[in-house]
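So the chains spell out like this:
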Amino acid sequence: MITQKVLDLTLLLIVIGIPVVLIGLHNMSNPALRLPPIPTIQELIRVYKLGARKRLSQNFLLNQAAIQKLVNCAGDLKGCSVCETLSSAYTYIGKNMRIFHGDVLKFNMTDTFTNVEKRDWHDEPPDVHIIGNLPFNISTPLIILWLRQISQRQGPWSYGRTRLTLTFQKEVGERMVADIMDKQRSRLSIMCQHLCDVKVKHIIPGKVFVPAPKVDVSVVTFTPLRMPRITQPYHIVEKVVRHTFHYRQKYCKRGLETLFPPDLSHLCGEMLDKADIDPTTRPQQLSIDEFDRLCSIYSSYCEEYRGLFEYYYRDQHPNSVELIATAGD
Ligand SMILES: C[S@@+](CC[C@H](N)C(=O)[O-])C[C@H]1O[C@@H](n2cnc3c(N)ncnc32)[C@H](O)[C@@H]1O
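Predicted, not measured: the structure shown is a model, and the values here were computed from it.

Caption draft 1: Highlighting the layout of surface pockets. In this model, the second largest pocket occupies a volume close to 250 Å³. As for the second largest pocket, its lining consists of 13 residues, of which Lys54, Ser57, Asn59, Phe136 and Pro213 are closest to the centre. Residue classes in the lining of the second largest pocket are distributed as six nonpolar, four polar and three charged.

If you want it as structure tokens, here you go:
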């Protein structure tokens, strides 16, 4: 006869990982004799006292339906190698899974997808897809780093126009897709949209995560564009856009002035004139085409004026992820 005590003991054994086979006579009509439910992942975490680390922005997605929705946002993954970034990087290749431990900000993915055929940039995206429930604390520096790699066709983008499906705090996702005149329009909007087709595909309520963050989460997809909408190198675009949004409540002229040393300050007005932009336009009112014109003119000035070139490099930290990590401004 299976008693409640036996059932409690069985549950405990299952929870601590000991396989259990129950053999006994039982009366199915007696509710006291039902088999114990299989413990949920949340229960296992509680029993094993597996705490999430705030320092690493650990907000786990354990809800099967929510995980399925996140994966569905990536579209058709048939035949794809999928790299699930973070907690470590997991690469699923066919039925195989490879696990890499390391800091994703330093992890070089150039040689990770050994069996994936490289595609020409102008072809359809390759059979590789990066999906990640990113930790909030590094999600912006990571996407800035990856945007740079997209523009230089390095890392996962040496395989072609590799797509990304990633999570961000809801408001960060809104900034990424914000259109001209939108009050959320920011530096991040231009940096993402000039290189990628960016979409917020889904919002996951914060309460679904364990532990629950205070904010909801956007699932954002990125498909690199065949032709970037701003034609200058990434470091020029990054600099012009950063300076423009530095004074986001002021006219664009105010931020753009800071691109020039005092002895060449007259070039700012000339640049706006040549780009056919009203100096009293606000940063969030500038279109990507207007940024393209500004970047081309600024780049030509850097070549023409030695003083500006030197000033430019004094203020430039092309490899620093940290310095550009506040891209939400
Ligand atoms: C939001 S959790 C997602 C965990 C898991 N993928 C999921 O969906 O439940 C983010 C994970 O990234 C890990 N992480 C934080 N910083 C990292 C870094 N610099 N490099 C790699 N992983 C990191 C955290 O330890 C945590 O496991």
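Caption draft 2: Geometry of the packing of aromatic side chains. One pass over the full model with this rule turns up eight aromatic pairs. With 6.1 Å between their ring centres and 20° between their planes, Phe245 and Phe291 make a pair best called stacked. Residue Phe245 is found in helix α7 (residues 234–246), and its partner Phe291 is found in helix α10 (residues 288–304); the two are separated by 46 residues along the sequence. The buried category is assigned to Phe291, whose relative accessible area is 0%. In this structure an aromatic cluster arises from ring pairing among Phe260, Tyr298, Tyr301 and Tyr305. The ring of Tyr159 is capped by Lys118, whose NZ or CZ atom sits 4.9 Å from the centre of that ring. For Arg254, the ring lying beneath its charged end belongs to Tyr247, and the centroid distance is 4.3 Å.

Caption draft 3: Inspection of the domain arrangement of the chain at higher detail. Here the domain parsing of the chain yields domain 1 (4–224) and domain 2 (234–327). Taken together, the contact between domain 1 and domain 2 spans 21 residues of the former and 19 residues of the latter. Around 2000 Å² of area is buried between domain 1 and domain 2 when both sides are counted, 66% of it from carbon and sulfur atoms. When the buried surface of domain 1 facing domain 2 is broken down by residue, Arg148, Arg185 and Arg187 rank first, second and third, together holding 37% of it. The tally of links between domain 1 and domain 2 comes to one salt bridge. Across the pair Arg187 and Glu238 runs a salt bridge whose closest N-O atoms are separated by 2.7 Å. For the pair domain 1 and domain 2, the interface holds six residue pairs in polar contact (both at pLDDT 80 or more). Taken together, the residues of the side of domain 1 that touches domain 2 break down into 11 nonpolar, five polar and five charged.

Conventions used here
Residues numbered from 1 in each chain as written. Predicted model: local features only at pLDDT ≥ 70, side-chain atom pairs only at ≥ 80, totals over all residues. Heavy atoms only, no water. 1 Å grid on protein atoms, 1.4 Å probe; cavity = no way out; pocket = protein on both sides within 12 Å on 5 of 7 lines; lining within 4 Å. Points joined across faces, edges and corners; volume = space filled by probe spheres on them. Nonpolar A, V, L, I, M, F, W, Y, C, P; charged D, E, K, R; others polar. Phe/Tyr/Trp six-rings, centres within 6.5 Å; stacked < 30°, edge-to-face > 60°. Helix = DSSP H or I, 4+ residues; strand = E, 2+ residues; numbered from the N terminus. Buried < 20%, exposed > 50% of the residue type's maximum accessible area, 1.4 Å probe, protein only. Lys NZ or Arg CZ within 6 Å of the ring centre and 35° of its normal. Domains from an automatic or database assignment. Contact = heavy atoms within 4.5 Å. Buried area = accessible area lost by both parts, 1.4 Å probe. Salt bridge = Lys/Arg side-chain N within 4 Å of Asp/Glu carboxyl O. Polar contact = N/O pair within 3.5 Å; in protein donor to acceptor, adjacent residues only side chain to side chain.

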